[in-house]
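Examining the three-dimensional arrangement
Listed below are the residues making up each chain.
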Amino acid sequence: MNITMIGTGYVGLVTGTCLAEFGHFVTCVDKIAEKIEALNSGKIPIYEPGLKDLVHKNTKEGRLKFTTNLSEAVPDSDAVFIAVGTPTSRRGDGYADLTYIYEAAREIAPHLSSYTTVIDKSTVPVGTARQVARIIRETNPDADFDIASNPEFLREGAAINDFMRPDRVVIGVDSERAEKVLRDIYKPLYLIETPIVCTTIETAELTKYAANAFLAIKISFINEIANVCEAVGADVTDLAKAIGMDKRIGPKFLHPGPGYGGSCFPKDTLALMRIVQEHGENVRLVEAAVEVNAAQKARMVKKIRETLGGSETGKTIAFLGLTFKPETDDMREAPSITIIPALMEKGAKIKAHDPQGMEEAKKYLPEGIKYVQNAYEACEGADAVVLMTEWNQYRSLDLERIKALLRQPVFIDLRNVYDPDRMLDLGFTYAGVGVLVKG
Ligand code: UGA
C-alpha cells in the first residue's frame, strides 16, 4: 500500500519506518526542512535502538522516503497518517494543543484526489478525528475519504519491538472501507496473531488516554506503597513480586522510583483530566496519581538530603542517568529536571553522566553541572552517588572502584538496582525506594 506519514517526530518516524518494514511504500512528510535533509542523508534525529538500521534498510530498498512536499505523497496514498505533536497547550491549563493536527488536516485536504483513509495516530482528545474530518470536508468538499483513529502504544527505547510485536492494535472506524484499509495495513501482524480491537472512533481516542492513565496510576500506586514500606519496615521488591504474581494485577509497571516522566504520562494524564472536566465528570484516581507523582519527586530530594546526613550544601553529588528512562535521549519531564535543580538551589555541586542524554540534558538543567564521560569519573571525589536512570551500564558497576572513588561511600539508588544487603556488606551507606535496609 502507499502510505503518507505526516510528522517525523518520535511516533511518525517509528511508525513510518516500521510500516515500510512491513512492505508498504511510505513517504514521511515534515515541514522542518533541516529534519528532512538530515533524514535523507541518513541521520536520525532521535536515539531509539534499532531505528537507524531500519531507516537505512528501508530507504535503500526504496520503501521509505522523506520529503517536505505533501503534494509528492498524498495524491497517490491509500492512507494518510497524522502523527504530529499534541503538546500541552502553552496556556498551561493541561489541554492538548491541536494546532498541528488541524493544520495537517487543512494541508492534506486539497491533495486528496481519490479515496483515502485519513488516520489519526497522534494522541488527541475525544472528538478530534471528527473535527479533522470536518476541516477536510470544508477545505475540499469533493474529497472522498474516511477518518479513523489508530492510537499508538509504543514505549520509547523499545518502540521497534512494540510496533512489530504489539499486545494489540486498536482501530476506531465508522466505515467498512476504512476498516479494510487498516486491517490491510496491519496484515503482517496476523501471522503472529496480534489481536485487533475494532471499535468506534471515540472509543479508540479515549482508549489511548485510559491506557496511559492506568499505567500512571499503577506507578503512583507502587510509589506510595514503597513509601509505606519505608514507614513500616517492609520491602517493596518482595511485595511487588508477590502482588504481581496475581494475574489480575500483573508484574509490570510495579517498579517504584523517582516518579514517572517522559512525553506521554505527564501530558496525557493532564489532558484526560481536562477532557473529563469538560464533560462534567471526574477522574479522581488520575488526579491523585498526578499529585503523588509530584510528591514522589520532592520526596527523592529529601531522601538524598537525609542520606547525606541532613544537608546537601557544599556537597558534590554524582548523578548516574538523567533521561526519564533508559535507552532514550529524551529528557522531557524527566524527574532529574526537578530533583537536580532543587539540590543545586541549596548549594549542592552536581557531576552527571548519561549514556545518551547529556546533550539534551543541557537544554533542561541549570548551568554549572559538570558533565563527565562515565560513571566512575562522576563518582570521583563526590560525597554521594545517585542512580537516577537504570541504564544497563549502571547495573553492574565495579562497586569497589566506586567506593574508592567517592569521598564518602553514600549510594542512593532511586531505581532499586542494587541489593541493599550486598551494599551494606561492601560498606556503603545505602538508600533505595521502599527497600528494606537492615543494620
Ligand atoms: C508510555 C507508554 O508505556 C506507552 O504504551 C505509550 O505508547 C507511550 O507512553 C505514549 O503515549 O507515547 P514511554 O513514555 O515511552 O511509554 O515510557 P514508559 O516505559 O511507559 O515509562 C514512563 C515512565 O514511567 C518512565 O519515567 C519510567 O521510568 C516510569 N516507570 C515505568 C516507573 O517508574 N515504574 C515502572 O514500573 C514503569
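Anyway, here's the lowdown on the structure attached to this text. None of these values were measured; they are calculated from a predicted model.

1. Quick look at the overall build of the chain
The secondary structure content of the chain amounts to 17 helices and 14 strands. Against the 2.2 N^0.38 benchmark of 22 Å for 439 residues, the chain shows a C-alpha radius of gyration of 24 Å, consistent with a compact globule. Projected onto its principal axes, the C-alpha coordinates of the chain cover approximately 75 × 50 × 45 Å. Taken over 439 residues, the chain has a buried fraction of 54%. By sequence separation, contacts in the chain at least 24 residues apart represent 72% of the contacts at least 6 residues apart.

2. Brief notes about the sheet that holds strand β1 (residues 2–6)
Taken in spatial order, the eight strands line up as β3-β2-β1-β4-β5-β6-β7-β8 in an open sheet, and their pairing is mixed. Two strands bound the open sheet, and with one partner strand each, they are β3 (64–67) and β8 (196–199). The mean angle between the axes of side-by-side strands here comes to 25°, regardless of whether they run parallel or antiparallel. Strand direction decides the pairing type here: strand β2 (residues 25–29) and β3, joined by four bridges, are parallel. For C28, the partnering residue across the bridge sits in β3 and is F66. Taken strand by strand, helix α5 (residues 99–108) contacts β1, β4 (79–82) and β5 (116–120), and its axis lies near 155° from that of β4.

3. What to know about the site of the ligand
Residues in close proximity to the ligand total 19 residues, the closest being L154, E156, K208, N212 and C264. At 2.7 Å from an oxygen atom of the ligand is found a main-chain nitrogen or oxygen belonging to L154. When the free accessible area of the ligand is taken as 710 Å², the share hidden by the protein chains comes to 92%. Of all elements in the fold, only α9 (201–232) and α11 (265–278) reach the threshold of two or more residues within the shell around the ligand.

4. Points about the packing of aromatic side chains
For any pair of aromatic rings, the description rests on two quantities: the centre-to-centre distance and the angle between the ring planes. Inspection of every chain in the model, using the stated rule, returns seven aromatic pairs. The interplanar angle of 40° and the centroid separation of 6.2 Å between the aromatic rings of F163 and Y186 together place this pair among those described as tilted. Placement of F163 in helix α7 (residues 159–164) and of Y186 in the loop between α8 (176–185) and β8 is noted, with a sequence separation of 23 residues between them. For the residue pair F163 and Y186, the accessibility class agrees, reading buried in each case. Considering the side-chain rings of F411 and F428, the 5.8 Å spacing of their centres and the 85° angle between planes classify their relative orientation as edge-to-face. Separated by 17 residues along the polypeptide, F411 in strand β13 (residues 410–413) and F428 in the loop between α17 (420–425) and β14 (429–431) bring together distant segments of the chain. Each member of the pair, F411 together with F428, is buried. Three or more aromatic residues link up through ring pairs in this structure, and these residues are F411, Y418, F428 and Y430. It is K362 that lies over the ring of Y371; its NZ or CZ is 5.2 Å from the centre. R401 extends its terminal NZ or CZ atom over the ring of Y376, reaching a point 4.0 Å from the ring centre.

Parameters at a glance
Counting starts from 1 at the beginning of each chain's written sequence and moves along it residue by residue. Confidence filtering applies because this is a predicted model: local features only for residues at pLDDT of at least 70, side-chain atom pairs given and counted only at 80 or more, and all residues used for totals across whole chains, interfaces and linings. For side-chain calculations, the full set of non-hydrogen atoms in the structure is used, while hydrogens and water are omitted. Each helix corresponds to a stretch of at least 4 residues labelled H or I by DSSP, and each strand to a stretch of at least 2 residues labelled E; elements are numbered beginning at the N terminus. Our radius of gyration is a C-alpha quantity, and the globule rule it is checked against amounts to 2.2 Å times the number of residues to the power 0.38. When a residue's accessible area, from a 1.4 Å probe over protein chains only, is under 20% of the maximum for its type it is buried; when over 50% it is exposed; and in between it is partly exposed. Only heavy atoms enter the contact rule, under which two residues are in contact if any of them lie within 4.5 Å. Any two strands with at least two DSSP-identified bridges between them are counted as paired. Fitted lines through C-alpha atoms serve as axes, helices being fitted only where they are in contact, and the angles separating the N-to-C directions of these axes extend from 0 to 180 degrees. To be near a molecule or strand, a residue needs just one of its heavy atoms within 4 Å of it. By the criterion applied in these results, polar contacts are pairs of N or O atoms within 3.5 Å in which, for protein atoms, one can donate a hydrogen and the other can accept it, and in which residues neighboring in sequence qualify only through two side-chain atoms. Per-residue and other accessible areas follow the Shrake-Rupley method at a 1.4 Å probe size, with only the shown protein chains counted as cover for residues. Pairing of aromatic rings covers Phe, Tyr and Trp, the last through its six-membered ring, and needs centres within 6.5 Å; plane angles under 30 degrees mean stacked, over 60 mean edge-to-face, and all others mean tilted. Here, a charge over a ring is recorded when the distance from Lys NZ or Arg CZ to the ring centre is within 6 Å and its angle to the ring normal is within 35 degrees.

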